[in-house]
Amino acid sequence: MNLLKERILTDGYVLGKDILKVDRFLNHQVDVGLLNEVGKAFYERFKDKGINKILTIEASGIAIAAITAQYFDNVPVVFAKKFDSVNADPDSYETNVYSFTKKRNYSVRVSKKFIHPGDRVLILDDFLAQGRAAAGLIELVRQGGGEVYGVGIVIEKSFQEGNAYVSSLGVEIHSLARIKAFIDGKPIFEEA
Ligand code: 5GP
């Protein structure tokens, strides 16, 4: 998605070896016009999958999922919640996720009220790095008897192993921008 790549080049900045900050337009200050285009692109890619629910993870995924959902027909957004503790909650599906940015494990939960057998779920998130967040969301859907019909990612860092890991779970991934390297503090995109 060219608009997104151009924006990453103008307003994104690299921290350390492998973190891209996009807080000027995606996950702190939010450019709603750009997110509308992101939502349309996800809709075009997944519109034929019979999606009946969009699942994401708090906090950065919520705006992306909510805007994307407007292009689908009456599809609710559910966001998994993050907890530090791992005290089991009998009313929730729960799994553990290792945070790439915070370098620690946390628990993610979705109430059993919101995932059901037969659900056809699209998972959306802002970044794909090692694939742990996406894998955790896939696990929650499967605990609830639903099926994941795709993972949509705004920015994939394809030099990390997330794509291979999530693909190994049998789920199709579509990323709108794929970064193959950071060279001299500048993102280099995969072709196409
Ligand atoms: P993963 O679970 O794939 O290792 O990492 C994905 C999650 O970590 C995303 O939900 C995102 O919040 C965060 N993340 C991973 N890499 C980056 C990055 O380069 N920049 C930002 N801002 N967040 C990232």
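Nothing here was measured: the structure is a model prediction, and the numbers come from that model. (Residues numbered from 1 in each chain as written. Predicted model: local features only at pLDDT ≥ 70, side-chain atom pairs only at ≥ 80, totals over all residues. Heavy atoms only, no water.)

Participant: How should I be thinking about the packing of aromatic side chains in this particular structure?
Facilitator: Counted under the stated rule, the structure contains 2 aromatic pairs. Ring centres of tyrosine 43 and phenylalanine 72 lie 5.0 Å apart, and the angle between their planes is 85°; this geometry places the pair in the edge-to-face category. Pair noted here: tyrosine 43 is in helix H2 (residues 32-46) and phenylalanine 72 is in the loop between helix H3 (60-69) and strand E4 (77-83), with a separation of 29 residues, a long-range link. Ring geometry for phenylalanine 159 versus phenylalanine 182: centroids 5.4 Å apart, planes at 70°, classification edge-to-face. One end of the pair, phenylalanine 159, is in the loop between strand E8 (147-157) and helix H5 (162-167); the other, phenylalanine 182, is in strand E9 (residues 173-183), with 23 residues separating them in the sequence. (Phe/Tyr/Trp six-rings, centres within 6.5 Å; stacked < 30°, edge-to-face > 60°. Helix = DSSP H or I, 4+ residues; strand = E, 2+ residues; numbered from the N terminus.)

Participant: Quick question: what am I supposed to make of the site of the ligand here?
Facilitator: Close to the ligand lie 16 residues; Leu20, Ala129, Gln130, Gly131 and Ala133 are nearest. Note that an oxygen atom of the ligand is positioned 3.3 Å from one of the side-chain N or O atoms of aspartate 126. Within the contact set of the ligand, an oxygen atom lies 2.8 Å away from a backbone nitrogen or oxygen of alanine 133. Here the ligand has 500 Å² of accessible area as a free molecule, and 89% of this is covered by the chains. Among the elements of the structure, strand E2 (19-21), strand E7 (120-128) and helix H4 (132-143) are those that each provide at least two residues to the shell around the ligand. (Near = heavy atom within 4 Å. Polar contact = N/O pair within 3.5 Å; in protein donor to acceptor, adjacent residues only side chain to side chain. Areas by Shrake-Rupley, 256 points an atom, 1.4 Å probe, with all protein chains shown as cover.)

Participant: Can you help me understand the pairing of strand E6 (residues 104-111) in this one?
Facilitator: One face of the sheet, then the other: side chains in a regular strand alternate in exactly this way. With 6 of 8 residues buried, E6 is to be regarded as a mostly interior element. Relative to E6, E4 runs antiparallel, the two being bridged by 3 bridges. By the bridge assignment for E6, lysine 82 is matched with valine 108. When strand E5 (residues 92-99) meets E6, the two strands line up antiparallel, connected through 8 bridges. Of the residues in E6, the one forming a bridge with tyrosine 93 is valine 110. Adjacent in sequence and paired antiparallel, E5 and E6 are bridged by 4 residues, among which lysine 103 carries a positive phi angle near 55°. (Buried < 20%, exposed > 50% of the residue type's maximum accessible area, 1.4 Å probe, protein only. Pairing = 2+ DSSP bridges.)

Participant: When you look at the packing of H2 against H3 in this model, what are you seeing that I'm missing?
Facilitator: The relative placement of two packed helices comes down to the angle between their axes together with the axis-to-axis distance. Between H2 and H3, the shortest axis-to-axis distance is 8 Å and the interhelical angle comes to 60°. Crossing angle aside, the handedness with which H2 passes H3 is right-handed. On H3, the residues that touch Val32, Leu35, Asn36, Val38, Gly39 and Phe42 of H2 are Ala63, Ile64, Ile67 and Thr68. Looking at the contact of H2 with H3 residue by residue, the class counts come to 7 nonpolar, 3 polar and no charged. (Axes fitted to C-alpha atoms, helices over the stretch in contact; angles between N-to-C directions. Left-handed = near helix turned anticlockwise from the far one by under 90°. Contact = heavy atoms within 4.5 Å. Nonpolar A, V, L, I, M, F, W, Y, C, P; charged D, E, K, R; others polar.)

So, to be careful, I would describe these as geometric facts and stop short of saying anything about function.
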